[in-house]
Amino acid sequence: MAGSESPTTLRASSRLPGAEGFQPLLARTRTFHRPVGPATYDCVKLVTVRDGSALVYSEFGEKHAKAGDVLLRGANVLCGAQPEGHVTVTVIYLDLDFILDQFFWQYINLVKDRFASQSVADTIYTEPAKLLRLGEDRVGMLMPWLDELVALSVDGQYQQRFHRMQALWNAVIDQVSPFIQVSPTRILPNQRARTRPSIPRGRRFAPLRSEARTIRDLLHSDICHSWSIPELANAVHLSEKQLVRVFTDAYGKTPIAYLTMLRVEDMARILRESDASIAEAGRLVGWASRNRAASAFRECAGVTPGRYRAMQEKGDGYWYR
């Protein structure tokens, strides 16, 4: 883990060793022996399990991932894993704007404007994280493409070998996409903004309004404070309705959903690094009710606080990304 920067403030390219400058498509192969996360990434991740197994937890709950499985994880979704001995994975990191641009061209008859890509995608793909059971034979087909993609990424060949890396990515997703189910139930983007609390990405097609940045800074400055929509709206001289719209347009989530995710991430840190009880950890991040803290943690991280702490103890309390 580099320095003391929060994982939510870093882009995919800056998280990866050896990555210089911004690259919208990267791949790495790694082996993990100890607990990972929960953490959020400002990118889409496609994680292919090559060897070993792990318990993976996210908004979908807790699932067993083994060789032959692929985890598709949306941007800014909390996710963690507990290796069972070890797990070796190849991770493809994809910038969200890069993905949305491809989505636009794939659904050109449905999406009339690039600026609408995010909202249309949210109504089609309603699951923020999904474990896909491709099977070892099909994943075996992906191995040569994944290995070459990793080699080109490590060598920093994105610009020079742009078309080859695109071709490799297209070959991989072509095999994976039949397993990605489109939800028959459509939800509105503003509904998802309230039911899927997550840390927003920093890069957007349009510049952020100053009011949105101000509210973000206020929430970060004191996550323990019982922020309310009227209080926040007054701070930036907007109506409550305007505030929610401006902030959601900028960050994809309402201010209260954003605050919930900040608290859950800090609560996870406290559970990892101290012997504080679940109730005390909840109070330290701003929740007076133990039940509220536990419920929010379970909703965002996919496991209960007690289960999360047990995972860390099993892994000797060591955590890294």
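Residues numbered from 1 in each chain as written. Predicted model: local features only at pLDDT ≥ 70, side-chain atom pairs only at ≥ 80, totals over all residues. Heavy atoms only, no water.

## Comments concerning the environment of serine 210
Phase 1: Within the fold, serine 210 resides in helix H7 (residues 210–221).
Phase 2: With 26 residues separating them in the primary sequence, serine 210 and valine 236 have C-alpha atoms 9.0 Å apart. (Helix = DSSP H or I, 4+ residues; strand = E, 2+ residues; numbered from the N terminus.)

## Side note on the nonpolar core
Phase 1: Grouped together as the largest cluster of nonpolar side chains are 40 residues, with contacts concentrated most on Leu219, Met267 and Phe297.
Phase 2: Secondary-structure elements contributing two or more residues to this core are H7, helix H8 (229–235), helix H9 (240–251), helix H10 (255–273), helix H11 (278–284), helix H12 (290–301) and helix H13 (305–314).
Phase 3: With 9 residues, H10 is the largest single contributor of residues to this core.
Phase 4: Not counting residues up to four positions away in its chain, the partners in contact with phenylalanine 297 are Val264, Met267, Ala268, Leu271, Gly302, Val303, Thr304, Pro305 and Tyr308.
Phase 5: Core analysis: the next-biggest nonpolar cluster, separate from the first, contains 26 residues, Val44, Leu134, Leu146 and Leu149 among them. (Core = buried A, V, L, I, M, F, W, Y, C linked by side-chain atoms within 4.5 Å. Buried < 20%, exposed > 50% of the residue type's maximum accessible area, 1.4 Å probe, protein only. Contact = heavy atoms within 4.5 Å.)

## Describing the pattern of salt bridges
Phase 1: Across all of its chains, the model carries 8 salt bridges by this definition.
Phase 2: In this structure, lysine 66 and aspartate 69 form a salt bridge, with 4.0 Å as the shortest nitrogen-oxygen distance.
Phase 3: Here aspartate 69 falls in the buried class, since its relative accessible area comes to 2%.
Phase 4: Three or more residues are tied together by salt bridges with common partners; here these are Lys66, Asp69 and Arg133. (Salt bridge = Lys/Arg side-chain N within 4 Å of Asp/Glu carboxyl O.)

## So, the pairing of strand E1 (residues 25–32)
Phase 1: Counting buried positions along E1 yields 6 of 8 residues, so the element is predominantly enclosed.
Phase 2: Here E1 pairs with strand E6 (residues 79–94) via 8 bridges, running antiparallel. Within E6, the residue paired with phenylalanine 32 across the bridge is valine 87. (Pairing = 2+ DSSP bridges.)

## Considering the side chain of arginine 309
Phase 1: With respect to the helices, strands and loops of the structure, arginine 309 is situated in helix H13.
Phase 2: Take arginine 309: its relative accessible area is 17%, and that puts it in the buried class.
Phase 3: A polar contact is formed between the side chain of arginine 309 and the backbone oxygen of leucine 271, at a distance of 3.3 Å.
Phase 4: Sequence-distant contacts of arginine 309, defined by excluding residues within four places in its chain, comprise Ile270, Leu271, Ser274, Asp275, Ala276 and Ser277. (Polar contact = N/O pair within 3.5 Å; in protein donor to acceptor, adjacent residues only side chain to side chain.)

## Some words on the packing of H7 against H9
Phase 1: Contact geometry for H7 and H9: axes closest at 9 Å, N-to-C directions at 85°. In terms of axis orientation, H7 runs roughly perpendicular to H9. Residues Ala212, Arg213, Ile215, Arg216 and Leu219 of H7 lie in contact with H9, whose contacting residues are Leu243, Val246, Phe247, Ala250 and Tyr251.
Phase 2: Looking at the contact of H7 with H9 residue by residue, the classes come out as 8 nonpolar, no polar and 2 charged. (Axes fitted to C-alpha atoms, helices over the stretch in contact; angles between N-to-C directions. Parallel < 35°, antiparallel > 145°, perpendicular 65-115°, else oblique. Nonpolar A, V, L, I, M, F, W, Y, C, P; charged D, E, K, R; others polar.)

## Focus on the side chain of threonine 254
Phase 1: Within the fold, threonine 254 resides in the loop between H9 and H10.
Phase 2: At 3.1 Å, the side chain of threonine 254 forms a polar contact with the backbone nitrogen of alanine 257.

## Digging into the packing of aromatic side chains
Given two aromatic rings, their pairing is described by the distance between the two centres and the angle made by the two planes.
Phase 1: This structure, assessed with the given rule, holds 4 aromatic pairs.
Phase 2: Here the aromatic rings of phenylalanine 247 and tyrosine 258 are separated by 5.5 Å at their centres, their planes lie at 85°, and the arrangement is edge-to-face. Of this pair, phenylalanine 247 sits in helix H9 while tyrosine 258 sits in helix H10; the two residues are 11 residues apart in sequence, bridging distant segments of the chain.
Phase 3: Residue classification places phenylalanine 247 among the buried positions, given a relative accessible area of 0%.
Phase 4: Using a relative accessible area of 3% as the deciding quantity, one classes tyrosine 258 as buried. (Phe/Tyr/Trp six-rings, centres within 6.5 Å; stacked < 30°, edge-to-face > 60°.)

## Here we look at the confidence of the model for the chain
Phase 1: Overall, the predicted model of the chain reaches an average pLDDT of 78, with 76% of residues at or above 70.
Phase 2: Mean pLDDT per element in the chain: helix H1 (residues 12–15) is the minimum at 38, and H11 is the maximum at 95.
Phase 3: Contacts for the low-pLDDT stretch residues 1–20, under 50 throughout, to residues beyond four places or in other chains number 39 contacts.
Phase 4: A low-confidence stretch, residues 316–321 (pLDDT under 50), is modelled with 27 contacts involving residues beyond four sequence positions or located in other chains. (pLDDT = per-residue confidence, 0-100.)

## Overview of the environment of glutamine 312
Phase 1: Its place among the elements puts glutamine 312 in helix H13.
Phase 2: Under the relative-accessibility criterion, glutamine 312 is labelled buried at 2%.
Phase 3: On a C-alpha basis, the gap between glutamine 312 and valine 36 in space is 9.0 Å, while along the polypeptide they are 276 residues apart.

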